[in-house]
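Each chain is listed here by its residues.
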Amino acid sequence: MLLGVNSNNKWFHQTKIENKFYRILHVKDWKKFLPTYDSTLFDLKTQNLDDIINNMCQAELIHELMFIFSLVPIAFSIYFGDLYIFILTSIVAMMF
């Protein structure tokens with residue numbers, strides 16, 4: 001699914017805080033070991049740099065939407081009760 005994403009948007013620019021955080025976590029050392037849905041979308045041998053940047057921006061948007069939608073189950077606590085269970089499962093979903 002292709003989203004009309006403008007990769008020049010300030011939303012996608014790395015901030016100084018993010019850069020420090022990534023260095024503290026040593027992201028460059030372990031990011032190559034993480035699974036990718038479709039690794040060909042991020043391969044410089046098959047994609048040009050603009051396409052890879054666009055794919056990365058789309059992936060970031062999708063992850064942010066998943067983060068937000070993980071809070072939706074909390075609304076079900078109104079019907080079912082047990083608010084703390086819905087908050088706990090939403091927090092766990094957000095972490096994943």
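Whatever comes next refers back to the structure up there.
First, a word on scope: everything that follows refers to the structure included in this document. (Residues numbered from 1 in each chain as written. Predicted model: local features only at pLDDT ≥ 70, side-chain atom pairs only at ≥ 80, totals over all residues. Heavy atoms only, no water.)

1. Concerning the overall build of the protein chain
To be explicit about the condition: We count a stretch as a helix when DSSP gives it H or I for four or more residues in a row; a strand needs E for two or more, and each element gets its number in order from the N terminus. Radius of gyration here is computed from C-alpha atoms only, and the compact-globule reference equals 2.2 Å multiplied by the residue count raised to the power 0.38.
Helix and strand content of the protein chain: five helices and zero strands. Written out in order from the N terminus, the α and β elements of the protein chain read α-α-α-α-α. Expected size for 96 residues packed as a compact globule is a radius of gyration near 12 Å; at 17 Å, the protein chain overshoots this value by more than 25%. Projected onto the principal axes, the alpha-carbon positions of the protein chain cover approximately 50 × 35 × 25 Å.

2. Observations regarding a positive patch on the surface
Our working definition: Residues form patches when they are more than 30% accessible in relative terms and have no salt bridge. Like charges link within 9 Å. Nonpolar side chains (Val, Leu, Ile, Met, Phe, Trp, Tyr) link within 5 Å. Using the Shrake-Rupley algorithm and a 1.4 Å probe, accessible areas are obtained, with residue cover drawn only from the displayed protein chains. Here, a salt bridge means any side-chain nitrogen of Lys or Arg that lies within 4 Å of a carboxyl oxygen of Asp or Glu. Charged-residue counts in this description rest on Lys and Arg as positive and Asp and Glu as negative, His and the chain ends being excluded. A charge is said to be at NZ when it belongs to Lys, at CZ for Arg, at CG for Asp and at CD for Glu.
Residues Lys16, Lys20, Arg23, Lys28 and Lys31 make up a contiguous surface patch of positive charge. The dominant element in the positive patch, judged by the number of residues it contributes, is helix 1 (residues 16–25), at three residues. Looking at where Lys31 falls in the secondary structure, it is placed in the loop between helix 2 (27–30) and helix 3 (49–69).

3. Quick look at the environment of Trp11
To be explicit about the condition: For every residue, the accessible area obtained with a 1.4 Å probe (protein chains only) is divided by the maximum for its type, and the residue is called buried under 20%, exposed over 50%, and partly exposed between those limits. Contacts are assigned to residue pairs that have any heavy atoms within 4.5 Å of one another. Nitrogen and oxygen atoms within 3.5 Å of one another constitute a polar contact, given that in protein one can donate a hydrogen and the other can accept it, and given that sequence-neighbouring residues count only through two side-chain atoms.
Tracing the backbone shows Trp11 in the segment before helix 1. By relative accessible area, which is 55% here, Trp11 ends up exposed. For the pair Trp11 and Ile74, spaced 63 residues apart in sequence, the C-alpha to C-alpha distance is 27 Å. Among residues more than four places away in sequence, those in contact with Trp11 are Glu60 and Glu64. A polar side-chain atom of Trp11 sits 2.9 Å from a polar atom in the side chain of Glu64.

4. A closer look at helix 1
Every α-helix winds through 3.6 residues per turn, so residues three or four apart in the chain are directed the same way. Of all ten residues in helix 1, zero are buried; the element is thus mostly exposed. The first or second residue beyond helix 1 is His26, which carries a positive phi of 55°.

5. Quick notes on helix 3
To be explicit about the condition: How far a helix is expected to stretch is found by multiplying one less than its residue total by 1.5 Å.
The terminal C-alpha atoms of helix 3 lie 30 Å apart, and with 21 residues this matches the ideal 30 Å at 1.5 Å per residue to within 8%. A distance of 3.2 Å separates the backbone nitrogen of Asp50 from a side-chain oxygen at the start of helix 3, and that oxygen is part of Asn48.

6. Section: the packing of aromatic side chains
Selection criterion: In this analysis, rings of Phe, Tyr and Trp, with Trp reduced to its six-membered ring, are considered paired at centre separations within 6.5 Å, and the interplanar angle assigns stacked below 30 degrees, edge-to-face beyond 60, and tilted for intermediate values.
A full pass over the atoms with the stated rule returns three aromatic pairs. A ring pair is formed by Tyr79 and Phe80, whose centres lie 4.8 Å apart and whose planes are at 85°; its orientation type is edge-to-face. No difference in accessibility class separates Tyr79 from Phe80, as the two residues are exposed. In this structure an aromatic cluster arises from ring pairing among Tyr79, Phe80 and Phe86.

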